Amino acid sequence: MIDFCILGSGLSGSTIANLLHKKYLVEIIDKAKGVGGRSSNKKVNKSISFDHGLQYYSPKGKRFKKFLNILLKNKVLKIWDGVHLDLTFKKRSNSSKIIGVKGNNDLNKHLLYKIKKNLGCEILNIKFQKTHWEIFSKDKKFEAKNIIITFPFEQTKKLAKKYLDHSFLDLKIKMTPNITLLLKQKTKSKIPISSIMLNNQKIAWIANENSKKRFNSDDYYWTIQTTARYSNKIINSYKNKKKIYSKQIAKEFSKIIGVRNKNLKLFKIHGWKYSYNEYRTKQKCYWSKKFKLGICGDWFIGPNAESSWESAHALFNKIKKPV
């Protein structure tokens, strides 16, 4: 029987799995075809890809900085150099941008290298059976002594509500969505910009995937992320109106960059309904010794990748004597 079954392969899931794997039998379950969660990397072909979720790591704390520096030395990660324009003109404590050598889920792949992964496996239900958990997907059942959930707050609450106490259920969480558009630009011009952070009504962030130096192409590939206001407006309807919203975002992008719409090819629009929590909670994680149930994620602590990592470490420290 599995000692720890971990639901989700984002940074918090990958981190807690890596920490526990040193002593226990651990397995990951994720509904996606690859690991990474919001660090997902979308491939166009064998060489060209988009980081369509997490854009980069920018460490603030000493522990996370030390962790990333090790991965930089081991060439799992690298510095994203070039011209990064911040047109919001906000004061930021750390401007460094660290990315995966091949994709921003490289860190997740590294942490989960020796851990069994059950991918393309969406969890429908979980049941606690006195001494262990039963975890059900559409066509498979898993059994584990302990379970750790790394889903967003609303999904976690829905899945495990009857096993959670009021300290968790009463948490005030405000998850903000994000809409991401992936597109290709045909141009003969050289574009010296790596990224742009904006104060625009529709677009908050533009990333030049070519600038990450993972591939060579005469065409340019762009990842565009929309503002919280615009994302909130369309998150529940974008799936039925993908062409309409894709064209709206592409039109705004063309104005900002100064390109013709006819030179743009739309690849994909994707919505992250629970992208990040705007606030912090008083908890860093959740552990129920009674039900052998753990929960961790960035939304406990803050809106960035470092918060995911810190939440996983906090949970690991609480799990001292699992049954």
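The text that follows walks through the structure, step by step, so that each part is easy to find. The numbers attached to residues start from 1 for each chain and follow its sequence in the written order. Thresholds applied to this predicted model are a pLDDT of at least 70 for local features of residues and 80 or more for the giving and counting of side-chain atom pairs; totals over whole chains, interfaces and linings are not thresholded and use all residues. Hydrogens and water molecules were not included; the side-chain quantities draw on all heavy atoms of the structure.

## Quick word on the overall build of the protein
Here comes step 1: Scanning the protein from terminus to terminus reveals nine helices and 18 strands.
Here comes step 2: Over its C-alpha trace the protein gives a radius of gyration of 20 Å, about what one expects of a compact globule, namely 20 Å for 323 residues.
Here comes step 3: The dimensions of the protein, computed from C-alpha atoms along their principal axes, are 65 × 45 × 40 Å.
Here comes step 4: Accessibility here uses a 1.4 Å probe with only protein chains present; expressed as a share of the type maximum, an area under 20% marks a residue as buried, one over 50% as exposed, and anything in between as partly exposed. Sorting the 323 residues of the protein into buried and exposed places 54% on the buried side.
Here comes step 5: Counted over contacts in the protein with a minimum sequence separation of 6, partners at least 24 positions apart contribute 68%.
Here comes step 6: For every accessible area listed, the method is Shrake-Rupley and the probe measures 1.4 Å; residues are considered covered only by the protein chains on display. As presented, the protein carries roughly 17,100 Å² of accessible surface, and 51% of it is formed by carbon and sulfur atoms.
Here comes step 7: The centroid of the 68 positive side-chain charges in the protein is displaced by 2 Å from the centroid of its 22 negative side-chain charges. Strands here mean DSSP runs of E at least two residues long; helices mean DSSP runs of H or I at least four residues long; both are numbered from the N terminus. When we talk radius of gyration, it's over C-alpha atoms, and the globule rule is simply 2.2 Å times the number of residues to the 0.38. Should any heavy atoms of two residues lie within 4.5 Å, those residues are considered in contact. All tallies of charge rest on Lys and Arg as positive and Asp and Glu as negative; His and the ends of each chain are not included. Each charge is placed at NZ for Lys, CZ for Arg, CG for Asp and CD for Glu.

## Observations concerning the packing of aromatic side chains
To describe a pair of aromatic rings, you give the distance between the ring centres and the angle between the ring planes.
Here comes step 1: Any two rings among Phe, Tyr and Trp, with Trp reduced to its six-membered ring, count as a pair given centres within 6.5 Å; such a pair is stacked if its planes are under 30 degrees apart, edge-to-face if over 60, and tilted if neither. In the structure shown here, the tally under the stated rule is 24 aromatic pairs.
Here comes step 2: Note on phenylalanine 168 and tryptophan 299: the rings are 5.9 Å apart at their centroids and 75° apart in plane angle, and the pair reads as edge-to-face. Residue phenylalanine 168 is found in helix H5 (residues 166–169), and its partner tryptophan 299 is found in helix H8 (residues 298–301); the two are separated by 131 residues along the sequence.
Here comes step 3: When its relative accessible area of 2% is taken as the criterion, tryptophan 299 is described as buried.
Here comes step 4: Taking the centre distance of 6.1 Å and the plane angle of 25° together, the rings of tyrosine 221 and phenylalanine 267 count as stacked. On the criterion of sequence distance, the pair formed by tyrosine 221 in strand S15 (residues 220–226) and phenylalanine 267 in strand S16 (residues 264–277) is long-range, its members being 46 residues apart.
Here comes step 5: Here tyrosine 221 falls in the buried class, since its relative accessible area comes to 5%.
Here comes step 6: Ring pairs connect the aromatic residues Phe153, Phe168, Tyr286, Trp299 and Phe300, which therefore count as one cluster.
Here comes step 7: Criterion for a charge above a ring: Arg CZ or Lys NZ at most 6 Å from the ring centre, at most 35 degrees from the ring normal. One residue, lysine 97, lies across the ring of tyrosine 56, its end atom 4.9 Å from the ring centre.

## What to know about the packing of helix H1 (residues 11–21) against helix H9 (residues 305–318)
Here comes step 1: Viewed as axis vectors pointing N to C, H1 and H9 meet at an angle of 35°, and their least axial separation amounts to 8 Å. The two elements H1 and H9 cross, and the hand of that crossing is right-handed. Touching Leu11, Ser12, Thr15, Ile16, Leu19 and Leu20 of H1 are Ala305, Ser308, Trp309, Ala312, His313, Leu315 and Phe316, all from H9.
Here comes step 2: Looking at the contact of H1 with H9 residue by residue, the class counts come to nine nonpolar, four polar and no charged. For helices, the axis comes from a line fit to the C-alpha atoms of the stretch in contact; other axes are also lines fit to C-alpha atoms, and the angle between any two N-to-C directions lies between 0 and 180 degrees. In this scheme the handedness of a crossing depends on how the near helix is turned from the far one: anticlockwise by less than a right angle means left-handed, clockwise means right-handed. For this classification, Asp, Glu, Lys and Arg are treated as charged, while Ala, Val, Leu, Ile, Met, Phe, Trp, Tyr, Cys and Pro are nonpolar and the rest, including Gly, are polar.

## What about helix H2 (residues 62–73)?
Here comes step 1: Taking 1.5 Å of rise per residue, 12 residues should cover 16 Å, and H2 covers 16 Å from first to last C-alpha, within 8% of that figure.
Here comes step 2: All buried positions along H2 are accounted for by Phe64, Phe67, Leu68 and Leu71. Buried positions in H2, seen along its axis, are confined to an arc of 95° and lie on one side of it. Counted as exposed and oriented over 90 degrees from the buried face of H2: Lys62, Lys66 and Lys73.
Here comes step 3: Looking at the packing, one finds that the buried side of H2 touches strand S5 (77–79), strand S7 (98–100), helix H3 (106–111) and H9. By this rule, a helix spans an expected 1.5 Å times one less than how many residues it contains. Starting at the helix axis, one direction is taken to each C-beta atom, and the arc is that of these directions.

## Some remarks on the pairing of strand S2 (residues 26–30)
Here comes step 1: Most of S2 is tucked away, with five of its five residues classed as buried.
Here comes step 2: Judged by which residues are buried, S2 turns out to be covered on both faces: Val26, Ile28 and Asp30 on one side and Glu27 and Ile29 on the other are all buried.
Here comes step 3: At least two DSSP bridges between two strands are required for those strands to pair. As defined by bridge partners, S2 adjoins strand S8 (residues 116–119) across four bridges and the pair is classed as parallel. Directly across from aspartate 30, in S8, lies its bridge partner leucine 119.

## Overview of a nonpolar patch on the surface
Here comes step 1: Like charges within 9 Å and nonpolar side chains (Val, Leu, Ile, Met, Phe, Trp, Tyr) within 5 Å are joined into patches, using only residues over 30% in relative accessible area that form no salt bridge. Basic side-chain nitrogens of Lys or Arg form a salt bridge, by our definition, when they fall within 4 Å of a carboxyl oxygen of Asp or Glu. Taken together, the side chains of Val83, Leu85, Leu87 and Phe89 present a nonpolar region at the surface, about 380 Å² in accessible area.
Here comes step 2: Summarising the element assignment, leucine 87 is placed in the loop between strand S6 (83–86) and S7.

## As for the side chain of glutamate 27
Here comes step 1: Mapped onto the elements, glutamate 27 comes out in strand S2.
Here comes step 2: Lysine 116 is the oppositely charged side chain nearest to the buried, salt-bridge-free glutamate 27, at an N-O distance of 4.0 Å.
Here comes step 3: For glutamate 27, the side chain forms a polar contact with the side chain of asparagine 118, separated by 3.0 Å.
Here comes step 4: Once you skip the residues sitting within four places of it in the chain, glutamate 27 turns out to touch Ile2, Phe4, Cys5, Ile6, Ile115, Lys116, Asn118 and Phe142. Polar contact criterion, stated in full: a pair of N or O atoms within 3.5 Å, where within protein one must be able to donate a hydrogen and the other to accept it, and residues adjacent in sequence count only if both atoms are side-chain atoms.

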